[in-house]
Structures are given as C-alpha cells and as structure tokens.
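Chain residues, written in single-letter form:
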Amino acid sequence: MLLSLLAIAACNPPPPEQRGYAERLAAARADKDAEFQRTNDPVPVSRKAAVLPLVYYPIDPALKVPGVLRPDPKASVVTMITSTGSQEQHRVLGTLEFTVQGQPLKLTAFASAQNRVFVPFQDQTSGTETYGSGRYIDLVRTGTDVYELDFNAAYNPYCYYSLTYVCPLPPQQNRLQVPIRAGEKIRPDAKS
C-alpha cells in the first residue's frame with residue numbers, strides 16, 4: 001500500500017508553487033549578471049573580466065529547505081569581524097534549525113534592514129569552490145517562525161567584487177562542517 005502511494009506521488013506534477021522555480025532563479029541570475037555588467041557598482045571595471053559572468057552551482061531544489069527559527073530570548077548582540085578587520089554589532093534574531101541531505105544543521109539569523117533576516121555562513125566549500133570569507137542568504141521576515149532557506153540563492157558579499165566594500169564575516173557558530181554546493185561560486189582563476 002505504501003509503495004503504491006509513493007509511486008502515485010512520484011508521478012504527480014510538482015505543486016503549483018514549485019513550477020517554474022528553476023526558471024525564475026535562472027532569470028534572476030541573468031538579471032544580476034546584466035546589472036553587474038551595466039554598472040560599475042559593485043563590480044568595478046578592473047574586475048569585470050575576472051568575475052563576470054558570475055558562476056553558480058546547478059540549481060538543486062533539494063537545497064531549498066524549510067527552517068524553524070528558535071527566537072533568541074535575550075535579544076543578544078554579536079560582534080562580527082569585517083573584511084577590513086573592523087567590528088560590527090549585529091542583533092541576533094535566533095537560531096534557524098534545518099536539515100540538508102538528512103543532516104540536522106543550525107545557523108544563527110540576524111536582524112537586517114527593511115524587515116529582512118541576514119544569514120551569513122561558511123561551509124566546506126569556502127575558500128576552494130566558493131568565496132573564502134563566506135556567503136550570505138537574505139530572508140523576508142515571516143509572520144511565523146518558519147522560513148525557507150534557499151541555498152540556491154546564496155550569494156557572495158560585495159567585498160568579493162571590490163575591496164572598497166566592508167562585509168561582515170560569518171561568526172564561528174555559522175561555519176557549517178558540511179559542503180553546501182548551491183548558489184554562487186567563485187571563478188577558479190579570479191583573484192579577490
């Protein structure tokens with residue numbers, strides 16, 4: 001009986017909200033490339049040939065995962081070192097708990113401008129396949145504590161493109177001990 005239900009579910013089309021996901025994400029990536037090519041900010045003319053077009057892992061819907069935010073009752077503030085060695089204060093919203101490839105993981109989420117959630121992270125690809133200082137995910141705050149972490153949308157901070165930017169580095173607790181092969185990569189030949 002269970003096998004029959006699984007077979008039926010496997011033959012059904014994806015839910016309507018999943019239709020076009022890869023196409024929408026690919027279009028957003030193309031728009032970002034076009035914008036970065038057209039302007040000199042954040043990618044200066046001297047770096048365009050080295051980093052554009054941007055490179056990404058193939059889109060993997062399995063790396064778009066639900067996460068539950070466990071709010072920080074203390075409303076803690078964390079000091080993050082930046083790409084220039086300065087320090088920035090960031091207010092902790094809580095801990096996002098999620099599962100990737102069967103492994104339970106956690107990332108600290110921080111308050112950001114415009115009702116957003118800022119999630120900086122490093123993983124086992126940092127420094128080899130992805131930017132060594134880490135990548136970011138931005139989330140829109142929800143009315144619940146449930147979020148969708150789309151690692152396919154992970155992006156390099158602007159300090160990868162230009163040293164004129166000051167970027168917070170992921171704190172120790174946001175250094176995942178697994179590879180997250182999704183989102184923006186670095187060009188092997190590009191020097192940052």
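Everything in this summary refers to the structure shown in the same document.

Cut-offs applied
Residues numbered from 1 in each chain as written. Predicted model: local features only at pLDDT ≥ 70, side-chain atom pairs only at ≥ 80, totals over all residues. Heavy atoms only, no water. 1 Å grid on protein atoms, 1.4 Å probe; cavity = no way out; pocket = protein on both sides within 12 Å on 5 of 7 lines; lining within 4 Å. Points joined across faces, edges and corners; volume = space filled by probe spheres on them. Helix = DSSP H or I, 4+ residues; strand = E, 2+ residues; numbered from the N terminus. Nonpolar A, V, L, I, M, F, W, Y, C, P; charged D, E, K, R; others polar. Pairing = 2+ DSSP bridges.

1. Side note on the layout of surface pockets
Phase 1: Computed from the structure, the largest pocket encloses a volume of approximately 360 Å³.
Phase 2: Along the wall of the largest pocket there are 15 residues; nearest its centre are Phe118, Tyr136, Asp138, Tyr155 and Tyr158.
Phase 3: Contributions of two or more residues to the lining of the largest pocket are made by helix H2 (21-38), strand E5 (116-121) and strand E6 (135-140).
Phase 4: Looking at the lining of the largest pocket residue by residue, the classes come out as ten nonpolar, two polar and three charged.

2. A look at the pairing of strand E1 (residues 64-71)
Phase 1: Where E1 and strand E7 (residues 146-150) come together, five bridges link them in antiparallel fashion. Looking at the pairing, Gly67 lines up with Tyr147 of E7.
Phase 2: Direction of pairing for E1 relative to strand E3 (residues 87-100): antiparallel, over a ladder of five bridges. The partner of Gly67 across the bridge, within E3, is Phe98.

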